[in-house]
Amino acid sequence: MEYGLFGLIVLIADLYAIYQVLTSGTTTLSKVLWTLGILILPIIGFLAWLVAGPRGSSVRV
């Protein structure tokens, strides 16, 4: 029960990261690899995406 909230937070963060990857302007291979990385290693994959993931084509302010 104590890990339920943490698991829910990780799930929401991973779904957000996957959505951002799939809507980015990168190549299909890059999208597939990032999505697989996030799905296989949820916490590490999300953190790697935050640091080095594909960025959108628009500039964020």
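This section reports on the structure supplied with the text.

Reading the values: rules and limits
Residues numbered from 1 in each chain as written. Predicted model: local features only at pLDDT ≥ 70, side-chain atom pairs only at ≥ 80, totals over all residues. Heavy atoms only, no water. Helix = DSSP H or I, 4+ residues; strand = E, 2+ residues; numbered from the N terminus. Expected span 1.5 Å × (residues − 1). Buried < 20%, exposed > 50% of the residue type's maximum accessible area, 1.4 Å probe, protein only. Arc of directions from axis to C-beta. Contact = heavy atoms within 4.5 Å. Axes fitted to C-alpha atoms, helices over the stretch in contact; angles between N-to-C directions. Parallel < 35°, antiparallel > 145°, perpendicular 65-115°, else oblique. Nonpolar A, V, L, I, M, F, W, Y, C, P; charged D, E, K, R; others polar. Patch = residues over 30% accessible without salt bridge, like charges linked within 9 Å, V, L, I, M, F, W, Y side chains within 5 Å. Areas by Shrake-Rupley, 256 points an atom, 1.4 Å probe, with all protein chains shown as cover. Salt bridge = Lys/Arg side-chain N within 4 Å of Asp/Glu carboxyl O. Phe/Tyr/Trp six-rings, centres within 6.5 Å; stacked < 30°, edge-to-face > 60°.

## Here's the deal with helix 2 (residues 28-40)
- Relative to the 18 Å expected for 13 residues at 1.5 Å per residue, helix 2 spans 18 Å between its end C-alpha atoms, a close match to the ideal helical length.
- All buried positions along helix 2 are accounted for by Lys31, Thr35 and Ile38. With its buried residues spanning 65° around the axis, helix 2 presents them on a single face. Projecting away from the buried face of helix 2 at angles above 90 degrees are the exposed residues Leu29, Leu33 and Ile40.

## Points about the environment of glycine 53
- Inspection of the secondary structure assignment puts glycine 53 in the segment after helix 3 (42-52).
- Owing to a relative accessible area of 7%, glycine 53 belongs among the buried residues under this scheme.
- Apart from residues lying up to four places away in sequence, glycine 53 is in contact with Trp34 and Ala48.

## Brief notes about the packing of helix 1 (residues 4-22) against helix 2
- One way to put it is that helix 1 packs onto helix 2 with a least axis distance of 9 Å and a crossing angle of 175°. With respect to helix 2, the element helix 1 is oriented roughly antiparallel. Where helix 1 approaches helix 2, its residues Asp14, Ala17, Ile18, Val21 and Leu22 are matched on the opposing element by Lys31, Trp34, Thr35, Ile38 and Leu39.
- Its residues assigned to classes, the contact of helix 1 with helix 2 comprises 7 nonpolar, 1 polar and 2 charged.

## Focus: a nonpolar patch on the surface
- Together, Phe6, Val32, Leu36, Leu39, Ile40, Leu41, Ile43, Ile44, Leu47, Leu50 and Val51 line one region of the surface with nonpolar side chains, adding up to about 1,100 Å² of accessible area.
- Those elements that provide at least two residues to the nonpolar patch are helix 2 and helix 3.
- Looking at which element gives the most residues to the nonpolar patch, the answer is helix 3, with 5 residues.
- Positionally, isoleucine 40 belongs in helix 2.

## What about the packing of aromatic side chains?
- Throughout the structure, instances matching the rule amount to 2 aromatic pairs.
- Ring centres 6.0 Å apart and planes at 85° place the aromatic pair tyrosine 16 and tryptophan 49 in the edge-to-face group. With tyrosine 16 in helix 1 and tryptophan 49 in helix 3, this pair connects stretches of sequence that are 33 residues apart.
- What makes tyrosine 16 partly exposed here is its relative accessible area of 44%.
- Residue classification places tryptophan 49 among the buried positions, given a relative accessible area of 6%.
- Between phenylalanine 46 and tryptophan 49, the aromatic rings sit 5.8 Å apart at their centres with planes inclined by 35°, giving tilted as the arrangement. Of this pair, phenylalanine 46 and tryptophan 49 are both found in helix 3, 3 residues apart, which corresponds to roughly one turn of the helix.
- When its relative accessible area of 18% is taken as the criterion, phenylalanine 46 is described as buried.
- Here a set of aromatic residues connected by ring pairs shows up, and it is made of Tyr16, Phe46 and Trp49.

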